[in-house]
Amino acid sequence: MKWLILSFIAIPTAELALLIYSGKTLGLFPTIAIILLTGVGGAYMAKRQGMKAWNELRTRMATMETPGNALIDSVCIFFGGILLIMPGFITDIVGIMLLFKGPRNFIRPFIQKWIYNKMKNGRIIMM
């Protein structure tokens, strides 16, 4: 819980500082253009990647396979899309990482371990 409160303070502060620095370095209009392009482009990419992940998830469920990786990919793409729509450069970088398969393959074992630990401690119950 402490990390959540800290992230709600630290991330917007860092984003704001980076936006101010970018505004001074690049100028106001290029900074706004970058923010708008990443928002629109991110929403488009999230939709494309999300539809691929959704189709894979549906296929796995139809063939009675476990949806493990497809489900984690879907959640990562969803959060990546949300991060790309938010204004800021740090959230854009993390959002782009969550949209592409390579970085997701790197992040997936950490998510799986986190879920496993939650299940082991009884915080997540599978029925």
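A quick note: this is a predicted structure, and the numbers were derived from the prediction, not measured.

Now for the packing of aromatic side chains. Under the criterion given, the structure shown has two aromatic pairs. Relative to F79, the ring of F78 has its centre 5.5 Å away and its plane inclined at 65°; by these criteria the two rings are edge-to-face. Note on F78: relative accessible area 52%, which makes it exposed. Judged by centre distance (5.8 Å) and plane angle (65°), the rings of F106 and F110 are edge-to-face. Of the two residues, F106 and F110 are both situated in helix α5 (residues 101-120); the distance of four residues between them amounts to about one turn of the helix. Exposure class is identical for F106 and F110. Each is exposed.

Our focus in this paragraph is helix α3 (residues 68-85). Counted at 1.5 Å a residue, the expected span for α3 with its 18 residues is 26 Å, and the 26 Å between its end C-alpha atoms agrees. Listing the buried residues of α3 in full gives A70, I72, D73, S74, C76, I77, G80, G81, L83 and L84. The secondary structure elements touched by the buried residues of α3 are α2 (28-62), α4 (89-99) and α5.

The biggest cluster of nonpolar side chains holds five residues, and these are A46, A53, I77, L84 and L99. Only α2 and α3 provide two or more residues apiece to this core. Ignoring sequence-local partners within four residues, the contact set of L84 consists of T38, G39, G42, T91, D92, G95, I96 and L99.

Next up on the list: a nonpolar patch on the surface. A cluster of nonpolar side chains, contributed by L71, V75, F78, F79, I82 and M86, occupies part of the molecular surface with about 550 Å² of accessible area. Along the chain, F78 turns up in helix α3.

Rules used throughout
- Residues numbered from 1 in each chain as written.
- Predicted model: local features only at pLDDT ≥ 70, side-chain atom pairs only at ≥ 80, totals over all residues.
- Heavy atoms only, no water.
- Phe/Tyr/Trp six-rings, centres within 6.5 Å; stacked < 30°, edge-to-face > 60°.
- Buried < 20%, exposed > 50% of the residue type's maximum accessible area, 1.4 Å probe, protein only.
- Helix = DSSP H or I, 4+ residues; strand = E, 2+ residues; numbered from the N terminus.
- Expected span 1.5 Å × (residues − 1).
- Contact = heavy atoms within 4.5 Å.
- Core = buried A, V, L, I, M, F, W, Y, C linked by side-chain atoms within 4.5 Å.
- Patch = residues over 30% accessible without salt bridge, like charges linked within 9 Å, V, L, I, M, F, W, Y side chains within 5 Å.
- Areas by Shrake-Rupley, 256 points an atom, 1.4 Å probe, with all protein chains shown as cover.
- Salt bridge = Lys/Arg side-chain N within 4 Å of Asp/Glu carboxyl O.

Read these as spatial facts, not as claims about activity.
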